[in-house]
Amino acid sequence: MILFLLSYLAGALTIISPCILPVLPFVFARADQPFLRSGLPLLLGLAVTFAGVATLASVGGGWVVQANSYGRAAALVILAIFGLLLLFPAIAERATRPLVALGARLSQSAAGPVAGAGQGGASPFAASLLLGVATGLLWAPCAGPILGLILTGAALQGASGQSTLLLLAYALGAASSLALALLVGGKVFSAMKRSIGAGEWIRRLLGLAVLVAVAAIALGLDTGLLTRLSLSSTSTVEQGLLDRFRAGTGQSARPRSDGKLGVEGQFPSLSGATEWLNSPPLTPEQLRGKVVLVDFWTYSCINCLRSLPYVRAWAEKYKDQGLVVIGVHAPEFAFEKDPANVRKAVRDLGVTYPVALDNDRAIWRAFQNLYWPAHYFIDGRGRIRYHHFGEGDYAQSERVIRQLLAENGTGKSDSDMVLVEGTGIAAPADRNANRSPETYIGHSRGERFVSAGGYVPNRSQDYVLPRLGALNDWGLAGPWTVSAEKATLDRAGGRIAFRFHARDLHLVLGPAKGGRPVRFRVTVDGQAPGKDHGVDIDAEGQGVVQSERLYQLVRQKGPVRDRTFEIEFADPGVQAFAFTFG
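Predicted, not measured: the structure shown is a model, and the values here were computed from it.

Okay, the pattern of salt bridges next. If you walk through the whole model with that rule in mind, you get 19 salt bridges. A salt bridge links Arg385 to Glu407, with the nearest nitrogen and oxygen atoms 2.8 Å apart. Pair noted here: Arg385 is in strand β7 (residues 383-389) and Glu407 is in helix α16 (residues 394-408), with a separation of 22 residues, a long-range link. Owing to a relative accessible area of 6%, Arg385 belongs among the buried residues under this scheme.

What follows is the structure, encoded as structure tokens:
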């Protein structure tokens, strides 16, 4: 229930976001009409259409993007006609041809009678609803932390009523703030018309504003320039709401006041695993009498890689006392579903305990999990007694293991905790210095993408990289094909740049088709990284993409400041998925 409220509030905040600007002319064009018959159906059409399209886009394939592009084109035509009819009433008198007649009926019903036009047409409610559907197809909100969380959850969990309802709550929040603005605007416009007789000029100005908005959307300014404007960014407010929510629920379960652990639920089934590594299939029944740690992870996740040394150490130290660690590998990207890739990662990372491949996320759903990494601690009676989401608080997690082993009668009085010192990629993040968020490159979850014209989904496009002016701006240069989860380089010489502020920069990359290696060179502020190179490149910035995994490209040794990262690929075919920082 709290997440629905957060979604609604995040939507309401879009009224102060620059990405709402292209939608405002369509809304205010009906400001002088009765709200219940004109404004309300338009806002309902906008909200429902956005929720439906966003749900399909987050879980669907390329056909959804293609279908939505056709819908956007049709919506632009309808709204352009609507704007012309407001700007030039005389056009309505000659609206006898089929396409113009459709626009005339919409304009007459939703915006009121136009001088000299006939009075036929659809009902005001139905016409305004249709205009709302068209507006919903065009609206591209600036995705803040809360909308990003909703879309990520939809992509991971698959199509569900909850995802659609969360998106609908977000859209209704936006519609509520627009409704308030529309009601206030209607009173202002009515007063102006009464006092200065400016009704016709107001209508024409609104028509001009509608045409300007249509042009801005057609040129991609709503998803490019406006996304980068910081007139009144809502991301800080949204992140504050999320932080308060998490503070209330906690990243870890809280022991009771007497220090004992509560019971959070029963050990769910593991039968959804598509394959097991390092072990035959295990069941909760087989594990009765054992203390079990279930670790949800995926091998390209930097947070998982940083927590993995602790999980390995616990598995080794406490296995003789009755602890069983099970890694549930829940893939985020398609390449992580390949068992061969996971086997190689398990071997390279030194994971020797059982690993269940959860390619269908059946175990993920059984635990109602939402995070990587996520640790669930289960006692000898098959009860979940504690959980921890994300990195950190390792001492408390180990104390829970020891307490459950003691309750089970198999723990030892050894007071020494494991001593772990992560190195390389596994070294703890410098959180005080990190001001750059995880950033996806695929168009389904991409944010702050500044290449001219924005994304061109699922077809080759020669992107132009502008100057990266703001922190966390990033872009592509050269010929790339951007799909939902990745960008693929079509010819050698393509580049990716990112303006970042963090000690470490990582990039999830994959080689060309057939596993062909791809050479690359990294620069930081236009120079070779030198001593600030990551573990996967040398001091000159040279490296090779040989497998699909996370690559550490920058680890700054000195003071951390805003810097510009750039990577250029000497061979075609590289696949780029996501940036992470530490």
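Looking now at helix α13 (residues 302-318). Taking 1.5 Å as the rise per residue, α13 with 17 residues should run 24 Å; its terminal C-alpha atoms sit 25 Å apart, in good agreement. The largest bend in α13 comes to about 40°, at Leu308, with the proline Pro309 one to four residues further on. Burial analysis of α13 places twelve of its 17 residues in the buried class, which makes it a mostly covered element. Within α13 the residues assigned to the buried category are Ile302, Cys304, Leu305, Arg306, Ser307, Leu308, Pro309, Tyr310, Val311, Trp314, Ala315 and Tyr318.

Most often, soluble globular proteins keep nonpolar side chains buried together rather than apart. Core analysis: the largest hydrophobic core is formed by 65 residues, its most contacted members being Val294, Phe296, Trp314, Ile326 and Phe367. In this structure, Phe367 is in contact with Phe267, Pro268, Leu270, Val294, Phe296, Tyr376, Ile378 and Ile384, ignoring residues within four places of it in sequence. Within the second largest apolar cluster, 34 residues are counted, among which are Phe449, Val545, Phe579 and Phe581.

Assignment of secondary structure puts Thr523 in strand β14 (residues 518-524). Remark: the alpha-carbon pair of Thr523 and Gly541, spanning 18 residues in sequence, is separated by 6.3 Å. Ignoring anything within four residues of it in the chain, the contact list for Thr523 reads Thr564, Phe565 and Glu566.

Moving on, we get to the packing of aromatic side chains. Tallying each qualifying case throughout the model produces 28 aromatic pairs. Judged by centre distance (6.0 Å) and plane angle (85°), the rings of Phe565 and Phe579 are edge-to-face. Note that Phe565 is positioned in strand β17 (residues 563-569) and Phe579 in strand β18 (residues 575-581), a separation of 14 residues in sequence. Comparing Phe565 with Phe579, the two get one shared label, buried. Over the ring of Tyr551 we find Arg549, and its NZ or CZ is 3.9 Å from the ring centre.

Basis of the calculations
- Residues numbered from 1 in each chain as written.
- Predicted model: local features only at pLDDT ≥ 70, side-chain atom pairs only at ≥ 80, totals over all residues.
- Heavy atoms only, no water.
- Salt bridge = Lys/Arg side-chain N within 4 Å of Asp/Glu carboxyl O.
- Helix = DSSP H or I, 4+ residues; strand = E, 2+ residues; numbered from the N terminus.
- Buried < 20%, exposed > 50% of the residue type's maximum accessible area, 1.4 Å probe, protein only.
- Expected span 1.5 Å × (residues − 1).
- Bend = angle between axes of the 7 residues up to and from the residue.
- Core = buried A, V, L, I, M, F, W, Y, C linked by side-chain atoms within 4.5 Å.
- Contact = heavy atoms within 4.5 Å.
- Phe/Tyr/Trp six-rings, centres within 6.5 Å; stacked < 30°, edge-to-face > 60°.
- Lys NZ or Arg CZ within 6 Å of the ring centre and 35° of its normal.

Just distances and angles here, no functional claims.
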